[in-house]
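# Results of the structural survey
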2 protein chains.
Amino acid sequence: MAQVEKIAGGVTAAKGYAAASAAAGIKYQNRTDMALIYSSVPCTAAGTFTSNVVKAAPVIWDRDIVRKSDGKVSAVIVNSGIANACTGELGLSVCAKTAAAAGEALGIPAKSVLLGSTGVIGMQIPVDKITEGARKLAASKAETLEAGTAAAKAIMTTDTHHKEIAYQFQVGGKTATLGGCAKGSGMIHPNMCTMLCYLTTDLAISKHLLQKALSDVVTDTFNMISVDGDMSTNDTLILLANGLAGNPEITGENEDYAVFKKVLFSVCRFLAMQMAGDGEGAQHLIEAKVVHADTKDHAKTLAKSVIQSNLTKAAIFGRDANWGRVLCALGYSGAPFDPENVDLYFAAGDQKMLIFTNGSAADYSEEKAKKLLSNEAVTILADMHMGEEEAIAWGCDLTYDYVKINADYRS
Amino acid sequence: MAQVEKIAGGVTAAKGYAAASAAAGIKYQNRTDMALIYSSVPCTAAGTFTSNVVKAAPVIWDRDIVRKSDGKVSAVIVNSGIANACTGELGLSVCAKTAAAAGEALGIPAKSVLLGSTGVIGMQIPVDKITEGARKLAASKAETLEAGTAAAKAIMTTDTHHKEIAYQFQVGGKTATLGGCAKGSGMIHPNMCTMLCYLTTDLAISKHLLQKALSDVVTDTFNMISVDGDMSTNDTLILLANGLAGNPEITGENEDYAVFKKVLFSVCRFLAMQMAGDGEGAQHLIEAKVVHADTKDHAKTLAKSVIQSNLTKAAIFGRDANWGRVLCALGYSGAPFDPENVDLYFAAGDQKMLIFTNGSAADYSEEKAKKLLSNEAVTILADMHMGEEEAIAWGCDLTYDYVKINADYRS
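Only a predicted model underlies this, so the values are computations on that prediction, with no experimental measurement involved.

Residue and element names in this part refer to chain A. Within the structure shown, the criterion is met by 0 disulfides over all chains. Among the cysteines around Cys268, which has no disulfide bond, Cys197 carries the closest sulfur, lying 6.0 Å off. Classification of Cys268 by relative accessible area gives buried; the value is 0%.

Here you go:
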């Protein structure tokens, strides 16, 4: 196996990428609310977007560009505070004007500028502020790791911390880098979340394989997390590749492709878990792991059902080993199984407790279970004893703060 | 149309029915926790049960009896506090012993006694307490309205009030009565809720038509409510008919059948709405009404998606007219539509406000919307402008108290 190494940084870790952040005052005051990611060389782009029928204007804008076979991308402009969703023709015109302003300031075609928005649905973005912000970003971009981190911070909404990661790996005798940043943290649900995630690499790879790797990896990472079951209008995951690593372009599913895909999986899983653990109001990252299921689909369905159960999520918040709710959530998932043959465990770190077996409660200590569930990251493990398939889904607990955040999010 | 009249009472309103309640100390102390519903004449029985793969022991017990073509029912014994779910062989033996004790005390076959349980999953019911409770119930049963009300109270868990209703109607020249009681209030989700609901009528009707009417009515009433998206292991809806009204037995889908079905719909809708509005921690009943949808299935899918959206529920708790979340929930429901053609309204009482039209926000006052959303019952109306189908779903807001109740439910 080729050498893979985690390194510092995020979207600016790979060769040729710059970033910037700016306080444009779009909705938030006294904080940065716009970010730029820029590549000195036009990039091949891959992307996955929300499957919500209601798509935000920037999603419509980006999809058009990413899906074109010859669509090269040089920059991404993102704003937080207002989602530019359910904004009609006016919302689309804000996209065109933002891209035009950024393109002019950066000396690139408007159609090579991707856009992302996150925040309140239904409100219009003040066009003066976002175009002025785009110009500020262009003027202040820098190829430093700090600039990448600042961009990761500017796209946050109710996130409590920024999320970024980077890996270096060897491919075709060259060192390539893949980095990225993401934001959550409400309206997070499988099949794309209210998440924005931007990944940058200097790898040389064909557009077809870039998209294939991304689409494959998404199904087991971002599409396996849920914070609240609400699928956003704005979900966007973009992967840019500018080829500056100098490796022979990957055009087939060879060993280089396998190395890249493995690194991509690690990056996406890390950012997905960060998003789940930093769900609105969350105190716990919940990992639901289903093993020995009969089919992969059933394994995924079962794991997702557990992390989406409000009652399970509330029980974990209360550090209550209320395994009945877990079994109940498995039961209504739609995947068939015999409850008598399921073993349930709670786990955290290197601890693992059997709590349900042979159709009823195992002999375990409630006190020890409560202690185990006080860990920040807890695993609910279901052994179905039916086959060889497994799946992992990630979510978070349901807390007072989730309700508080969402009862007065707009005010 | 035959005369239909709402009358006082619940499960004992119809001729020949008695009820009782008892404090058996199964889990709760200092309150009643067991109920009996009894008919002096063996009843034809219909029922619908949870579709959760994990079924509680009393669900398994009841289904066997209700599904038999000649299975007559004379009594129902219900306990609150412990759900007798995920309790293996021991749980099933508790059912058999409870029915045997009740049968002996009432002088009826054990297999004519239905059982219902609600409460904590996974805990075993103390068999001495429940059999002793069954004997107490048999000894104290009475044909009074008060006894019916006492039974409705004994089956409550986190419900804040009991739920009962009764109607009288004319059929075949005779006066018949249909009454019932129900309990919620967490783990409530379409396709049967954690609900227990018992309906009693003195109508004479064939078993086939009794079940058909119940199954039809359930799809537009109980299966259209959701409190938290969690489908219980214990959901049970039982409808008993003892024939004492003296009407010619209904054996075909004639006018008498139509009258009965209409009354049954009113009773089920009332109890379903009561359950939704009394969801755990709820401050609001939320009604989602979808009109002018292209198909009935899409109308239902859209309406259910709105009442299940945690973000919409939290916004209503905050009296925040955050219609973007409603549109978003419609958008990820799976039903196709064009957001540009949807009109959204908030309504309460005789007030109705247009808030979204032509693809973006209507010109409405946020202040007035907040005032409207301060009503206890609010309607979210979506006009799809696609066809002639409509559907209504009922839910409740997501509050601090929901989290509080479910974070320490077991303790």
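Bringing the relation of the copies chain B and chain A into the picture now. Of the transformation placing chain B onto chain A, the axial shift is 0.0 Å and the rotation is 180°, giving an RMSD of 0.0 Å. Classification of the inter-copy transformation places it as that of a two-fold axis. By C-alpha distance to the rotation axis, the residue of chain B lying nearest is Tyr400 of chain B, at 2.6 Å. Most of the interface of chain B is mirrored in chain A, where 100% of its interface residues are also at the interface.

Before going further, it helps to examine helix α8 (residues 310-317) of chain A. Residue and element names in this part refer to chain A. Along α8, 8 of the 8 residues are buried, which leaves the element largely enclosed by surrounding structure. Listed as buried for α8 are Asn310, Leu311, Thr312, Lys313, Ala314, Ala315, Ile316 and Phe317. Positive phi appears at Arg319, one or two residues downstream of α8, with a value of about 50°.

The next point concerns the pattern of salt bridges. Residue and element names in this part refer to chain A. This model, assessed by the stated rule, comprises 14 salt bridges over all chains. For Glu132, the salt bridge goes to Arg135, with nearest N and O atoms at 3.7 Å. Remark: Arg135 and Glu132 occur in helix α3 (residues 127-140); sequence separation between them is 3 residues, near one turn of the helix. With relative accessibility at 40%, the residue Glu132 sits in the partly exposed group. Overall, the relative accessible area of 40% leaves Arg135 in the partly exposed class. For the salt bridge of Asp220 with Lys300, the shortest nitrogen-to-oxygen distance reads 3.3 Å. Separated by 80 residues along the polypeptide, Asp220 in helix α5 (residues 207-220) and Lys300 in helix α7 (residues 296-308) bring together distant segments of the chain. Judged by relative accessible area, which is 18%, Lys300 ranks as buried. Through salt bridges with shared partners, one network takes in Lys212, Asp216, Glu253 and Lys261.

Here the focus is the sheet that holds strand β11 (residues 343-348) of chain B. Residues and elements named next belong to chain B. Within the open sheet, the 6 strands sit side by side as β13-β12-β11-β14-β10-β15. Their pairing is mixed. Each edge of the open sheet carries a strand with a single partner, namely β13 (360-361) and β15 (389-396). Pairing between strand β10 (residues 285-293) and strand β14 (residues 377-383): 7 bridges, direction parallel. Each bridged residue has a counterpart across the sheet, and for Val291 the counterpart in β14 is Asp383. Seen against the sheet, helix α7 (residues 296-308) touches β10, β14 and β15 and runs at an angle of roughly 20° to β15.

Cut-offs applied
- Residues numbered from 1 in each chain as written.
- Chains lettered and ligands numbered in written order.
- Predicted model: local features only at pLDDT ≥ 70, side-chain atom pairs only at ≥ 80, totals over all residues.
- Heavy atoms only, no water.
- Disulfide = S-S within 2.5 Å.
- Buried < 20%, exposed > 50% of the residue type's maximum accessible area, 1.4 Å probe, protein only.
- Least-squares fit on C-alpha atoms with pLDDT ≥ 70 in both.
- Contact = heavy atoms within 4.5 Å.
- Helix = DSSP H or I, 4+ residues; strand = E, 2+ residues; numbered from the N terminus.
- Salt bridge = Lys/Arg side-chain N within 4 Å of Asp/Glu carboxyl O.
- Pairing = 2+ DSSP bridges.
- Axes fitted to C-alpha atoms, helices over the stretch in contact; angles between N-to-C directions.

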